[in-house]
Amino acid sequence: MNARPKEKPRLTPEEYLDFEKTSEIRHEYFDGEIFAMTGASLNHNRIQHNLSRLLGNRLMEGSCDVLLSDQRLKIEKIGKYTYPDIAVVCGEVELEEKAGLDTLLNPIVIAEILSDSTEAYDRGEKFRHYRLLPSFREYILVSQYFCCIEKYLRGDGGIWIYSSYESMDQTLKIDTLDCELLLSDIYYRVEFGRHWTKDGVKT
């Protein structure tokens with residue numbers, strides 16, 4: 001009779017935070033397991049920089065903070081820790097303070113830059129989990145392979161309203177922040193690969 005393989009030991013949230021404090025790479029945490037966050041492409045980094053700079057400039061005079069992917073976020077309802085590419089919080093910032101680490105609790109806007117390896121997760125399970133955040137109002141998904149930005153806005157009764165933008169001369173309206181950004185500015189210096197058509201079809 002074959003012995004069963006040993007299950008990986010599950011971490012408590014406190015053990016995860018202690019580990020994360022000294023780790024050289026970031027990890028998500030959910031249901032006792034940790035998941036390493038991989039490095040990003042040049043396009044990803046350029047989009048993240050452009051979007052955070054544009055948002056920061058637009059929101060400079062207000063009470064909002066634009067936080068990048070080093071800022072950990074906790075979804076309290078399910079005890080999940082994760083790292084959005086960009087999170088915006090307005091007004092009082094609510095933090096969990098444990099193990100000498102600050103973890104954000106109340107973003108109103110989250111943006112994720114899609115990759116081949118994360119797109120299904122960002123659209124599916126991760127979005128479902130983000131929707132458990134009471135403060136969360138708007139979700140922005142940015143392709144790094146072709147010109148396409150998709151937006152989900154929480155409407156009346158918790159219904160999520162979908163919009164898409166697929167031309168460089170279009171303007172992305174972020175309703176929650178009363179903010180408009182040109183796609184050409186978001187995609188400044190981003191070079192799309194030759195294996196993608198302008199319609200987002202991989203060849």
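A brief report on the enclosed structure follows.

Some points on the sheet that holds strand β3 (residues 64–68)
And then number 1: Read across the open sheet, the 6 strands follow the order β3-β6-β9-β10-β11-β12; overall the sheet is mixed. With partners counted over all chains shown, the strands left at the sheet margins are β3 and β12 (160–165), one partner each. Neighbour-to-neighbour, the strand axes of this sheet turn through a mean angle of 15 degrees, independent of strand direction.

Concerning the pattern of salt bridges
And then number 1: For the structure on display, the rule yields 12 salt bridges.
And then number 2: Arg10 is the partner of Asp31 in a salt bridge, and the nearest nitrogen-oxygen pair spans 3.9 Å. On the criterion of sequence distance, the pair formed by Asp31 in the loop between β1 (27–30) and β2 (33–36) and Arg10 in the segment before α1 (13–22) is long-range, its members being 21 residues apart.
And then number 3: Glu96 is the partner of Lys98 in a salt bridge, and the nearest nitrogen-oxygen pair spans 3.8 Å.

Things to note about the nonpolar core
And then number 1: Ranked by internal contacts, the top residues of the largest apolar core, which has 26 residues, are Leu55, Ile174 and Leu177.
And then number 2: Elements represented by at least two residues in this core include exactly α2 (42–58), β6 (86–90), β9 (109–114), β10 (138–143), β13 (171–174), β14 (179–182) and α5 (183–186).
And then number 3: For this core, the leading source of residues is α2, giving 4 residues.
And then number 4: With residues up to four places along the chain from it excluded, the contact list for Leu177 reads Leu55, Leu59, Cys64, Val88, Cys90, Ile108 and Val109.

Observations regarding the environment of Glu33
And then number 1: Position of Glu33 relative to the elements: it lies in strand β2.
And then number 2: Among the residues examined, Glu33 registers a relative accessible area of 29% and is labelled partly exposed.
And then number 3: In sequence terms Glu33 and Gly124 are 91 residues apart; their C-alpha atoms lie 19 Å from each other.

A few points about α1
In an α-helix there are 3.6 residues to a turn, and that puts residues three or four apart on one side.
And then number 1: By the burial criterion, the buried members of α1 are Tyr16, Leu17 and Glu20. Each buried residue of α1 sits inside an arc of 95 degrees when the element is viewed along its axis, so together they form one side.
And then number 2: Contacts from the buried residues of α1 go to β1, β2, β5 (80–82), β7 (95–98) and β8 (101–104).

What counts, and where the lines are drawn
Residues numbered from 1 in each chain as written. Predicted model: local features only at pLDDT ≥ 70, side-chain atom pairs only at ≥ 80, totals over all residues. Heavy atoms only, no water. Pairing = 2+ DSSP bridges. Helix = DSSP H or I, 4+ residues; strand = E, 2+ residues; numbered from the N terminus. Axes fitted to C-alpha atoms, helices over the stretch in contact; angles between N-to-C directions. Salt bridge = Lys/Arg side-chain N within 4 Å of Asp/Glu carboxyl O. Core = buried A, V, L, I, M, F, W, Y, C linked by side-chain atoms within 4.5 Å. Buried < 20%, exposed > 50% of the residue type's maximum accessible area, 1.4 Å probe, protein only. Contact = heavy atoms within 4.5 Å. Arc of directions from axis to C-beta.

Keep in mind these values describe shape, not function.
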